[in-house]
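Each chain, letter by letter, is given below.
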Amino acid sequence: MKKYKDLDTDELFHLTGEYSNYVMEFDYENSGTPVCIYEFYECEYQEYLKEQDQ
């Protein structure tokens, strides 16, 4: 896994798109507030990348 600060422009563009989808689909009524983009990258986004590799 690359460190967040080492992502290139294309990777950051993809990450922000996926984060935007995550925020739009987030269940605010039952879960409070979504995680920050850094935490999203460290957890949810890594799971997404693993699924894409399979």
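Everything discussed here concerns the structure shown above.
All figures in this text were calculated on a predicted structure; none of them were measured in a lab.

**Q** Lay out the packing of helix α1 (residues 9–25) against helix α4 (residues 44–53) with the relevant residues and their values.
**A** The interhelical angle for the contact between α1 and α4, taken along N-to-C directions, is 110°, at an axis separation of 11 Å. On the basis of the axis angle, α1 is roughly perpendicular to α4. Here α1 contributes Glu 11, His 14, Leu 15, Glu 18 and Tyr 22 to the contact with α4, which in turn contributes Glu 44, Tyr 45 and Tyr 48. Along the lines of polarity and charge, the residues of the contact of α1 with α4 split into four nonpolar, one polar and three charged.

**Q** Explain the state of the cysteines to me, and be specific about the residues and the numbers.
**A** In total, this model carries zero disulfides according to the counting rule given. Cys 36 takes part in no disulfide bond, and the closest cysteine sulfur to it belongs to Cys 43, at a distance of 9.4 Å. Residue classification places Cys 43 among the partly exposed residues on the basis of a relative accessible area of 41%.

**Q** I'd love a proper account of the environment of Asp 6, names of residues and values included.
**A** With respect to the helices and strands, the residue Asp 6 is situated in the segment before α1. Sequence-wise, Asp 6 and Tyr 48 are 42 residues apart; in three dimensions their C-alpha atoms are separated by 19 Å.

**Q** Explain the nonpolar core residue by residue, including any values.
**A** Leu 7, Leu 15, Tyr 19, Tyr 22, Phe 26, Val 35, Phe 40, Tyr 41 and Tyr 45 together form the largest nonpolar core, which totals nine residues. Elements represented by at least two residues in this core include exactly α1 and α3 (37–42). Counting residues per element, this core draws most heavily on α1, which supplies three residues. Dropping the residues within four chain positions of it, Phe 40 is found in contact with Leu 15, Glu 18, Tyr 19, Tyr 22, Val 35 and Tyr 45.

Thresholds, definitions, all that
- Residues numbered from 1 in each chain as written.
- Predicted model: local features only at pLDDT ≥ 70, side-chain atom pairs only at ≥ 80, totals over all residues.
- Heavy atoms only, no water.
- Axes fitted to C-alpha atoms, helices over the stretch in contact; angles between N-to-C directions.
- Helix = DSSP H or I, 4+ residues; strand = E, 2+ residues; numbered from the N terminus.
- Parallel < 35°, antiparallel > 145°, perpendicular 65-115°, else oblique.
- Contact = heavy atoms within 4.5 Å.
- Nonpolar A, V, L, I, M, F, W, Y, C, P; charged D, E, K, R; others polar.
- Disulfide = S-S within 2.5 Å.
- Buried < 20%, exposed > 50% of the residue type's maximum accessible area, 1.4 Å probe, protein only.
- Core = buried A, V, L, I, M, F, W, Y, C linked by side-chain atoms within 4.5 Å.

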